[in-house]
Structures are given as structure tokens and as C-alpha cells.
Amino acid sequence: MKFSLVADTLGYMESTTKRLELTQHLVDLFKKTPPEIIPKVVYLLQGKLRPDHEGVEVGVAEKIAVRALSKSTGIPVTKIEREYKKVGDFGQATATILEQKMQTTFLKEDITVERVYDTLFKIAELKGNRSQDMKMKYISSLLNDSSPIEGRFIAKIITANLRLGIADYTILDALSIAFTGSKENRPLLEHAYNVCSDLGKVSESVSKEGIESLKHFQVSVFSPVRPMLAERVKSPQEAREKMGNQFAAEYKLDGERVQIHIEKDRVVLYSRSLENITSYYPDIVEKITKSIKSSRIILEAEAVAINEDTGEFLPFQELMHRRRKYNIAKAVQEYPITVNFFDVMFIDGKSCLDMTYSERRRILESVVVEDAFARIMPMTIVRTDDEVEDFLENAINSGCEGLMLKQLDSPYRAGARASNWLKLKREYRNELGDSLDLVVIGAFYGRGRRTGRYGALLLSAYDEDSDSYPSVCKVGTGFTDESLDQFYQILSDKIVVKKDPRVDSGLEADVWFEPEVVIEIVASEITLSPIHKVAQDKIRKGSGLALRFPKFTGKIRFEKTPENATSVNEIITMYNNQKKVIQSEKQF
Ligand code: ATP
């Protein structure tokens, strides 16, 4: 299959943000794609070669890509660098350079999807000293046969810059329409995806064997399951309205969610966004099998930093020290953790997802051998508001964020945020209540003490319906000197010359970013806004929603992807809840 079909589709998609149009372009492409190539096309569309959790990355430094382009076109490196600086986007610069070359040569052969994919895969596998030269050779040979638009997207993929906003859900919609004739079947595709977290696998199955094949998707060890998420509640009463008179209350620890897959001696750990994080926790890998009485199991736990002398839980930020490539052994010693199990998804060949919470908890209690390192999450069954309050008090005194409330007869709903799990946090009791996780989309240069760094950041929520990032506030408080430096450094990699088409704001930032970095914010209130675009026209014509008095909490949510950020629908719910509170206060 010609790669130009994929490149043309990516080109059309770049010029629209309308979800229906995006989906239709994908449907047209999928219909033209032979089933055996479908997974490759699906991965390439998202700038990937395999699902994220497999950690296969093309990762070519821009310098090498520039040299490769020079080699294949004969145009000097300096000229390419100048063009790149001018347009600010390596993909676009590659296309322009290839256009110049085309005026002097003829195109040779059509490049195929298979060739592009296989070459990129070879590049991803190259390691060691001589790998740079080999990478350059592979790239220049591909670019040699590429048209400008093909070259543009190859360049974007190899430098990990393919961000077109093709969300998983848009791809699932398009697969459903292309291979089952309607969007109605999307829940079945979604189920399969939630269980295996691999869009390539789902696409292959539905394109080759049809919709029935999706029903047979099963949980398996070393394929991470998309995590179940919780809704917020503000009070025990609200929880009771949603869950009835008896439910489980667990401590809500403030650490990192870890999905632990074990088969015999092999242990693999996945983060909340299903990245492979095994290398950050060698202590879990070393100790865990001794604590678990099953040799084939998938468990969920919260890894929490502790003070070994006092047994006190330490805040989430302490786990940041584990996010390093070198000297991890030192970090393990200096920042010890405990692993606190709260769920089981699979045991001895059987999925536990359809079991009730009570059954899963029973298995958990029978399979975990507790010690100072491995623990079962403290839990109690609660029947009254007072019991919830008491347990919340205990939890907070032990250093927790609050409680997780779970319905006793509910299954594990992979990938869903549903009212079978509720979170009740300490801060829900005042002001807005919960914190929000927002995506940094822009920044404003600082003045005075902040000169040379960013003085304020422009933040957005994630709009699941349109797959976009509407702005919701500008934040300039809560930063320390250290965090300002850190932001300047982290964000410098994400700068884009042209605002991403998915980003929408009434403010003009000094600098725009790829929507990637997620940070935690607290605020006092949600108000209508003529500037910010969250829920634009949904509450009132001509207005969006904005946060009042936003403040950075100090937490960069490195374990969250932008699609995991607080969604527009969640903000609308928070706004409506806040309205209810104001109305009920007015009645007194
Ligand atoms: P999301 O709800 O999207 O996960 P979040 O990470 O901001 O967003 P939190 O408010 O932190 O959500 O609550 C959910 C997180 O709480 C889980 O992802 C998990 O890391 C953590 N957690 C701590 N204790 C528990 C528990 N007992 N059961 C489930 N999750 C827990």
C-alpha cells in the first residue's frame, strides 16, 4: 500500500479540528487499507510503531535527521538548518527542501507503508556506537524516494513530533464505522481496547475477523489493562446518594498508581497512563514475588514514599526522585517506598474484571502476604455518614489525601470513570473542592524576579468530544523559584511556532506549546468567561468557563498524558455542583 495515502490523510487532518471530518478521513483511509497492514497504519497515524507500553521509540535526534536530509538531497546542512529555523517545524522544513530537490530530479519509486514502517522499526532497534550512522543511512534512503508531503510526515514521525490530535477514541470511531458499518458498535471495540490497550491489535482483529472477534478479547499478563477511574464527591451524603447504604471505604494514598504484572520470575510495572515504569522501581521487582502467593497475576497498587523511621507516608513529589535513568539504586535507598495493593485484575489464567469488588478484595486478602514493604490498602465497610467521617479522619491523620469509596457489588470497569468508585478528598470540603489536572498550552514571559523565565502559564482542560484543548485559566501563583526554573526547562522542548490546531484560547500567549505537560491546580471558583473556551456556549451563549484564583499546587503530574487531564465535562459538572451549593446556601 502506498505511503502517500497515509501522508495525504495526515495532511487533510492537519487542516481541520472538526471531529466528524477527522473521523471521515480516517474511515476513507481504513477502507482502502488491506487488513494485514491496518495495525501499521494505525500506529503510524499516532506517530508510533507499537503501543506505548512496549516502549518502542523511533527517537532520532534532529541533528541526525538534518544530516540525513542533506545526504539524500545534496543540499548543505547549513541551508537546511536555516530553513528549519525559518519555519520552526522540521516536517515543514523537510517538505520545502524536498520540493527544491524535486525541481532538479525525478521521483524514483513509490514508497509503501510497509517500507516506511519496517525502516522505522529497524531504526528504533538500533543501539550502540555505530547506530547513528546506520540511522542516517536508513533515513536518507527513505527521504530519497519521498515526495514532499511524505517526507514531511516521515520527518515528523522520526523526530517524535507527530502530534495531530488523533486521539484513541477518534480511531476507535473510525474503525467501528469502516469495519462494522456504524459507530454503534464502538463500545465493543472500546471494551477490547480497554482490556489490551493496543489499538493495533484491536484494529487487526476487527478488520480481519469482524465484530464478533472483539468479544473474545481477554485480559492477559504483560498487556496492561486501562485503569478504572473515580468520580469526585464532596460529602458522605453525596456518596450515599450514589452508592446506597453500604459500601467500602479505602484509604486514598498520595503516591503513584502501579499495575503489577507477574508471571513466574518476570515482573513488569505499568503507570496510570500505561507506560512501562519497571526500571524506576527495582525494589518492587526484587521483593514483590515473595509477597504474592500466585505466580501468574495482575495487581493494582499505590506505591508511596515513606519515612522508614517513623512509618509516615510522604507526599507524592518524593517519587519524582525515582524518575531518573542513572543511579536509580541510590534513589531506591534514599527514597524508600511501600506498595499498597487495592485491586486484582487477573489470577491464574482467569480475568477478575467481571467479579464484584467484594470477591476481588477477598482474593487480594488471600494472595498478599503483608510485611513492611507490601501491604493491603486499609479498608472498612461503612454504613453511615459518621462512619465515613471517622474513617476519613483516620486516613487524613495517617497522611492520606482522603478516601476512595467503592460499591461492593460492582465489577472492575476498565477504562471507565464511573460512580462505582468515588473519591472523597480532604480539600473537597472547602471552596471549589477538588484540584484539577490541567494541560500547559502557552506561557507569558516573566518580569522582575521572573525575567528570563515564564511568569505565568496558560492552561487548558481536555475536551473529549472534540479532542481539543480549550483554555481555562492563566496561572501565575504557587510557583517557587525552583519550579519556575523547572518549567522553563521542561517546556522548552514543547515549544511550537504555530499554535496547535487543537488549542483554543481568547488569550494570545507569548509562547505556545504542544499540549503535553499536565500540572495540578487548585482554584476558588469556576466562573463564566468571555476569554476562556472551556464549555464555550454550553452554559451561556458567547461565554466559556474559567477558574478564579488558580494556584499551582507544586505537583507536575508526570504520570498523566494530556488526554488524562481534567475533562471539560468534569469542569461542567463541578460548575453545576458549585451552583447547587450556592443555591442551597441562599435558601438559608
Ligand atoms: P484520576 O481520577 O483521573 O485517576 P487523579 O489521578 O487525579 O485522576 P485522583 O484524585 O488522584 O485522581 O484519584 C485516583 C487515584 O488515586 C488513582 O489513580 C490512584 O493512583 C490513587 N489511589 C490511592 N489510593 C487508592 C485506592 N485505595 N483505590 C484506588 N486508587 C487509589
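Parameters and conventions
- Residues numbered from 1 in each chain as written.
- Predicted model: local features only at pLDDT ≥ 70, side-chain atom pairs only at ≥ 80, totals over all residues.
- Heavy atoms only, no water.
- Near = heavy atom within 4 Å.
- Polar contact = N/O pair within 3.5 Å; in protein donor to acceptor, adjacent residues only side chain to side chain.
- Areas by Shrake-Rupley, 256 points an atom, 1.4 Å probe, with all protein chains shown as cover.
- Nonpolar A, V, L, I, M, F, W, Y, C, P; charged D, E, K, R; others polar.
- Domains from an automatic or database assignment.
- Contact = heavy atoms within 4.5 Å.
- Buried area = accessible area lost by both parts, 1.4 Å probe.
- Salt bridge = Lys/Arg side-chain N within 4 Å of Asp/Glu carboxyl O.
- Helix = DSSP H or I, 4+ residues; strand = E, 2+ residues; numbered from the N terminus.
- Pairing = 2+ DSSP bridges.
- Axes fitted to C-alpha atoms, helices over the stretch in contact; angles between N-to-C directions.

Student: I keep staring at the site of the ligand and nothing clicks. Help me out?
Tutor: Around the ligand, the structure places 19 residues, and the nearest of them are Glu250, Arg272, Glu302, Arg417 and Lys423. Within the contact set of the ligand, an oxygen atom lies 2.6 Å away from a side-chain nitrogen or oxygen of glutamate 302. Taking aspartate 437, its side chain carries an N or O atom lying 3.0 Å from an oxygen atom of the ligand. Relative to its free-state accessible area of 590 Å², the ligand is covered by the protein chains to the extent of 94%. Tallied by class, residues from the shell around the ligand come to seven nonpolar, no polar and 12 charged. Both of domain 1 (229-429) and domain 2 (435-587) provide at least three residues apiece to the shell around the ligand.

Student: Explain the domain arrangement of the chain here, please?
Tutor: Often the size quoted for an interface is simply the accessible area lost on bringing the parts together. Domain assignment breaks the chain into domain 1 (229-429) and domain 2 (435-587). On a C-alpha basis, the centres of domain 1 and domain 2 stand 28 Å from each other. On the domain 2 side, the residues contacting the 14 residues of domain 1 number 15 residues. Area buried by domain 1 at its contact with domain 2 is led by Arg232, Arg272 and Phe316, which between them contribute 39% of it. The interface formed by domain 1 and domain 2 includes four salt bridges. Here lysine 555 makes a salt bridge to glutamate 401, at a shortest N to O gap of 3.7 Å. Looking at side-chain class alone, the side of domain 1 that touches domain 2 contains two nonpolar, two polar and 10 charged residues.

Student: Just checking my understanding: could you explain the side chain of serine 291 for this structure?
Tutor: On the secondary structure map, serine 291 appears in helix 14 (residues 282-291). Setting aside residues up to four positions removed in sequence, serine 291 forms contacts with Val367, Val368, Val369, Asp371 and Ala374.

Student: What is the right way to read the sheet that holds strand 1 (residues 229-232) from this model?
Tutor: Think of a sheet as strands paired side by side through backbone hydrogen bonds, with each pair either parallel or antiparallel. Spatially, the five strands line up as an open sheet ordered 1-11-10-2-9, and their pairing is mixed. Two strands close off the open sheet at either side, each with one partner strand: strand 1 and strand 9 (379-382). The average undirected angle you get between the axes of adjacent strands in this sheet is 40 degrees. Summarising the sheet, strand 2 (residues 247-252) and strand 10 (residues 402-406) pair through five bridges and their orientation is antiparallel. Pairing of tyrosine 251 across the sheet is with leucine 403, part of strand 10.

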